[in-house]
Amino acid sequence: EKSQAVVSILEDLDQWTQRQVSTIPSNQRKIVSKHKSMEYYGKAFGLKTLSLLDFFGHSSSLRPKNISSILTELKDANIKVLFPEQKPASKLLRNLSRQSSIPISSKQIYVDGLMPTGNTISVAVHNTCNIVNSLGGSCNKGAGEKIEEKWSLLTNP
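Residues numbered from 1 in each chain as written. Predicted model: local features only at pLDDT ≥ 70, side-chain atom pairs only at ≥ 80, totals over all residues. Heavy atoms only, no water.

Asker: Tell me what's going on with the pairing of strand E2 (residues 48-51), and back it up with residues and numbers.
Answerer: Bridging between strand E1 (residues 30-33) and E2 involves 4 bridges; their strand directions are parallel. Residue pairing for E2: Lys30 is matched across the bridge by Lys48. Regarding the hand of the β-α-β motif, the stretch spanning E1, helix H2 (residues 37-45) and E2 is right-handed. (Pairing = 2+ DSSP bridges. Helix = DSSP H or I, 4+ residues; strand = E, 2+ residues; numbered from the N terminus. Right-handed = clockwise from strand over helix to strand, strands pointing away.)

Asker: I'd like to hear about the packing of helix H1 (residues 2-21) against H2, residue by residue, with values.
Answerer: In contact at an axis separation of 10 Å, H1 and H2 are set at 80° when each is read in the N-to-C sense. Relative to H2, H1 is oriented roughly perpendicular. Seen from H1, the contacting residues are Asp14, Thr17, Gln18 and Val21; seen from H2, they are Tyr41, Ala44 and Phe45. When the residues that make up the contact of H1 with H2 are grouped by side-chain class, the tally is 4 nonpolar, 2 polar and 1 charged. (Axes fitted to C-alpha atoms, helices over the stretch in contact; angles between N-to-C directions. Parallel < 35°, antiparallel > 145°, perpendicular 65-115°, else oblique. Contact = heavy atoms within 4.5 Å. Nonpolar A, V, L, I, M, F, W, Y, C, P; charged D, E, K, R; others polar.)

Asker: Before we move on, can you summarise the nonpolar core with the specific residues and values?
Answerer: Membership of the largest hydrophobic core comes to 24 residues, with the highest contact counts inside it found for Tyr41 and Ile131. The dominant element in this core, judged by the number of residues it contributes, is helix H6 (residues 120-134), at 5 residues. Beyond its immediate stretch of four places on either side in the chain, Tyr41 contacts Thr17, Val21, Ile31, Leu47, Thr128 and Ile131. Of all hydrophobic cores here, the second largest spans 15 residues; its members include Leu71, Ile79, Leu93 and Leu96. (Core = buried A, V, L, I, M, F, W, Y, C linked by side-chain atoms within 4.5 Å. Buried < 20%, exposed > 50% of the residue type's maximum accessible area, 1.4 Å probe, protein only.)

Asker: Residues and numbers for the packing of H1 against helix H7 (residues 141-155), please.
Answerer: Between H1 and H7, the least distance of the axes is 10 Å, while the angle of their chain directions is 165°. It follows from the interaxial angle that H1 and H7 lie roughly antiparallel. With respect to the hand of their crossing, H1 and H7 are arranged in left-handed fashion. Of the residues in H7, those in contact with Lys2, Ala5, Val6, Ile9, Leu10, Asp12, Leu13 and Trp16 of H1 are Ala143, Gly144, Ile147, Lys150, Trp151 and Leu154. Taken together, the residues of the contact of H1 with H7 break down into 10 nonpolar, 1 polar and 3 charged. (Left-handed = near helix turned anticlockwise from the far one by under 90°.)

Asker: Describe the state of the cysteines, listing the residues and the values that go with them.
Answerer: Under the definition given, this model contains 1 disulfide. One disulfide bridge connects Cys129 with Cys139, the sulfur atoms lying 2.1 Å from each other. Between Cys129 and Cys139, the disulfide has an S-S torsion of -60° and is therefore left-handed. With Cys129 in helix H6 and Cys139 in the loop between H6 and H7, this residue pair connects regions lying 10 residues apart in the sequence. One exposure class covers both Cys129 and Cys139, and it is buried. (Disulfide = S-S within 2.5 Å.)

Asker: Pulling in residues and values, what's your account of the pattern of salt bridges?
Answerer: Inspection of every chain in the model, using the stated rule, returns 2 salt bridges. Taking the shortest distance from any N to any O, the salt bridge between Lys141 and Glu145 comes out at 3.5 Å. Taken as a pair, Lys141 and Glu145 lie in helix H7 at a separation of 4 residues, close to a single helical turn. Under the relative-accessibility criterion, Lys141 is labelled partly exposed at 39%. (Salt bridge = Lys/Arg side-chain N within 4 Å of Asp/Glu carboxyl O.)

Spelled out as structure tokens, the structure:
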């Protein structure tokens with residue numbers, strides 16, 4: 001019975017996320033991230049992802065030609081916002097923001113594990129609302145919080 005409840009909550013989360021992402025204008029459904037895990041999110045919910053790691057190769061240092069190709073890519077893709085995965089944003093992200101005039105989101109996205117407080121569902125709701133609101137959509141956080149409550153009741157009876 002508990003496993004059915006888990007599946008039901010995850011299906012609710014999936015449908016809720018699809019509805020939120022659908023409010024983003026289609027030409028703005030693009031995420032720039034340093035983390036490969038956002039590619040899974042993008043594929044699942046119809047967002048184009050631009051992974052900065054693809055420009056690094058195996059080195060974490062960005063050579064000027066890599067930076068210039070990233071800046072070109074950001075401009076060509078009409079990117080609206082850069083999402084930090086840490087606070088403060090990485091030096092790389094701050095440099096790209098400065099050179100491209102693309103703002104950095106005021107809220108970070110969580111990719112490795114959990115937020116300081118919260119659970120799997122609250123991380124998903126936080127990330128989705130941050131992405132949707134930053135890209136010109138409108139996130140129904142209240143509906144997401146109801147899914148979080150169901151999860152909390154199930155996992156902390």
